[in-house]
Amino acid sequence: MNAAEKNIIEKLKSLHLRNRKKGVYGYMWWTGVKIILIYAAVMVPVVLIGKYLIDVNSLFSILTDHVPDALVFVIFLISESTFGMIPPDLFVIWSAKFNSPFLLLTILGILSYMGGILAFYIGRLLSGQKKIKAYSERVLYKYIQTARKWGGAFIIIAALFPFSPFSLVVIACSLLKYPLKLYLIFGISRIIRFVAQGVLYLGILNLDSILG
């Protein structure tokens, strides 16, 4: 083991001890459990209702038959890089219309990751305007305080789980001068989220074939 490898290991050990002392792992664990329980309580019934009581395909056909796929991707990227006003769940369900939905989910995850990078630079742009920065910090105060306390753990939680507007969390981190290279590492969780969420949704939507 050379000196560089030893240095990296020592830094990782130091980071691990610091995170454990701050309670980062406990925060991530309990926050994740709570969000999963809330998400299951809300979304699983919604998906089941959409499968057995409402013809979701007919509802989405208005979108899928009249809006080009490329435009849907553009809308998604804009949403993921600004305010995240359109729930990503809708795009996950939209991917079910394709023959290779998991490929589409991976593309969505990558686009969301790229949207986070754009959001990071939006935060940098806002921080360069004194009045706009002050206003943004007031609006994003809750996210900024949480990001200041938990750092990368907050990015991972926002990336993996719903109910946390990912782009706003990234903008908040950017306003704090959070290192871009760390976001690029932790933000990869966003891609994992879309694939995992797709497994859940598409598994429920294909429940008949699984049980049959």
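What counts as what
- Residues numbered from 1 in each chain as written.
- Predicted model: local features only at pLDDT ≥ 70, side-chain atom pairs only at ≥ 80, totals over all residues.
- Heavy atoms only, no water.
- Core = buried A, V, L, I, M, F, W, Y, C linked by side-chain atoms within 4.5 Å.
- Buried < 20%, exposed > 50% of the residue type's maximum accessible area, 1.4 Å probe, protein only.
- Helix = DSSP H or I, 4+ residues; strand = E, 2+ residues; numbered from the N terminus.
- Contact = heavy atoms within 4.5 Å.
- pLDDT = per-residue confidence, 0-100.
- Axes fitted to C-alpha atoms, helices over the stretch in contact; angles between N-to-C directions.
- Parallel < 35°, antiparallel > 145°, perpendicular 65-115°, else oblique.
- Left-handed = near helix turned anticlockwise from the far one by under 90°.
- Nonpolar A, V, L, I, M, F, W, Y, C, P; charged D, E, K, R; others polar.

Time to look at the nonpolar core. Ranked by size, the top nonpolar core spans 24 residues in total, and within it Leu 140, Tyr 143, Phe 166 and Tyr 183 carry the most contacts. Mapped onto this core, the elements with two or more residues apiece are α6 (101-127), α8 (141-150), α9 (152-160), α10 (166-175) and α11 (180-186). The element that contributes the greatest number of residues to this core is α10, accounting for eight residues. Contacts of Tyr 143, omitting those with residues within four sequence positions, involve Phe 154, Pro 165, Leu 168, Val 169 and Ala 172. Counting twelve residues, the second-largest nonpolar core is a separate cluster that includes Phe 73, Leu 104, Leu 105 and Leu 111.

Moving on to the confidence of the model for the chain. Predicted confidence across the chain gives a mean pLDDT of 75, with 64% of residues reaching 70 or more. Taking the mean pLDDT of every element in the chain, the minimum, 39, falls on helix α13 (residues 207-211) and the maximum, 89, on α10. Here residues 207-212 is modelled with pLDDT under 50, and outside its nearest four sequence neighbours on either side it reaches six contacts, counting other chains as well.

This part covers the packing of helix α4 (residues 69-81) against α6. Interaxial distance between α4 and α6 falls to 7 Å at its minimum, and their mutual angle equals 40°. Taken together, the axis directions place α4 and α6 in an arrangement best described as oblique. Remark: the crossing between α4 and α6 carries right-handed chirality. Across the interface between the two elements, Phe 73, Phe 76, Leu 77, Glu 80 and Ser 81 from α4 touch Leu 104, Ile 107, Leu 108, Leu 111, Ser 112, Met 114, Gly 115, Gly 116, Leu 118, Ala 119 and Ile 122 from α6. Grouping the constituent residues of the contact of α4 with α6 by class yields eleven nonpolar, four polar and one charged.

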